[in-house]
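Descriptive analysis of the structure
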Amino acid sequence: MLRINDIAPDFTAETTQGPIRFHEWLGDSWCLLFSHPKDFTPVCTTELGYMAGLRTEFEKRNCKIIGLSVDPVADHGRWAADIEKTQGNKVTYPMIGDSDLSVAKLYGMLPADAGETCAGRTAATNATVRTVFMIGPDKKIKLMLVYPMSSGRNFDEVLRVLDSLQLNAKHNVATPVNWKPGDDVIIPTSVTDDQAKQKYPGGFKTLKPYLRTVAQPK
């Protein structure tokens, strides 16, 4: 079972942009890996199209996007045409073909005894392949979100969490409930008051000894 801060498993796979070795492809970038139970499914069609429209926002944040669906790469190509036609955005990020279920099983989205082929499987039998993984440049998993097939994912929220994760990585701060870029942030309890005074000479607010806020670092 994968957990936050585990190393994201490496793998080789065929994609719509050619073969990749995942860690090598990732390089020193952040990565959003999001999975789908089957091609030509309605909710996933809207998700892939919306993500295609957000690609430049993720690129600004040094974050690569890669999709996965439990079907062959050839099917992905035909699905991509439908996505562009119905959603108005062209899918220009790679999509992994996982016809042997190997990546889905490696990431714990399908059980080990799920078989070795997508043939004969339906979206319902692959229903658990609906996970978002955010992976850092250190190859560690930073976020996991699992959705049911009936609920479209909120990728604006995923972008918000990426901003929070990158802020933490750069400045060692946490973000409060419903935080948006530009809002005040939280000083972690691992930072002493003396350290906080040195780090934030402009001052910070102490609501409780364990709850201190400060303007978002630039």
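Predicted, not measured: the structure shown is a model, and the values here were computed from it.

Criteria and thresholds
Residues numbered from 1 in each chain as written. Predicted model: local features only at pLDDT ≥ 70, side-chain atom pairs only at ≥ 80, totals over all residues. Heavy atoms only, no water. Helix = DSSP H or I, 4+ residues; strand = E, 2+ residues; numbered from the N terminus. Buried < 20%, exposed > 50% of the residue type's maximum accessible area, 1.4 Å probe, protein only. Contact = heavy atoms within 4.5 Å. Areas by Shrake-Rupley, 256 points an atom, 1.4 Å probe, with all protein chains shown as cover. Lys, Arg positive; Asp, Glu negative; His and termini not counted. Charge placed at Lys NZ, Arg CZ, Asp CG, Glu CD. Expected span 1.5 Å × (residues − 1). Bend = angle between axes of the 7 residues up to and from the residue. Axes fitted to C-alpha atoms, helices over the stretch in contact; angles between N-to-C directions. Parallel < 35°, antiparallel > 145°, perpendicular 65-115°, else oblique. Nonpolar A, V, L, I, M, F, W, Y, C, P; charged D, E, K, R; others polar. Pairing = 2+ DSSP bridges.

Some words on the overall build of the protein chain
Helix and strand counts for the protein chain stand at 6 helices and 10 strands. Each of the three principal axes of the protein chain carries a C-alpha extent, and together these read 60 × 35 × 30 Å. Burial statistics for the protein chain: of 218 residues in total, 44% are counted as buried. Summarising the internal contacts of the protein chain: among those between residues at least 6 apart in sequence, 65% fall at separations of at least 24. For the protein chain, the accessible area works out to roughly 11,100 Å², and carbon and sulfur atoms hold 53% of it. When the 26 basic and 25 acidic side-chain charges of the protein chain are each reduced to a single mean position, those positions are 6 Å apart.

Focus on helix H2 (residues 42-60)
Here H2 is 19 residues long and its end C-alpha atoms lie 29 Å apart, about the 27 Å a rise of 1.5 Å per residue gives. Along H2, the largest kink reaches about 50 degrees and is centred on Leu54. Regarding H2, the residues found buried are Cys44, Thr45, Glu47, Leu48, Gly49, Met51, Ala52, Leu54 and Phe58. Asn62 sits one or two residues past H2 and shows a positive phi near 55 degrees.

Here's the deal with the packing of H2 against helix H3 (residues 73-87)
It is at 9 Å that the axes of H2 and H3 come closest, and there the two elements cross at 75 degrees. On the basis of their axis angle, the class for H2 and H3 is roughly perpendicular. Contacts between H2 and H3 involve Cys44, Thr45, Thr46, Leu48 and Gly49 from the former and Trp79, Ile83, Thr86 and Gln87 from the latter. Partitioned by chemical class, the residues of the contact of H2 with H3 number 4 nonpolar, 5 polar and no charged.

What to know about the sheet that holds strand S9 (residues 205-208)
Judged by pairing direction, the sheet is antiparallel, and its 3 strands sit side by side in the order S8-S10-S9 without closing on themselves. On the outer flanks of this sheet lie strand S8 (185-187) and S9, each paired with one strand and no other. Shown here is a sheet whose adjacent strand axes are inclined to one another by a mean of 40 degrees, direction ignored. Pairing of S8 with strand S10 (residues 211-214) involves 3 bridges; the strand directions are antiparallel. Pairing of Val185 across the sheet is with Val214, part of S10.

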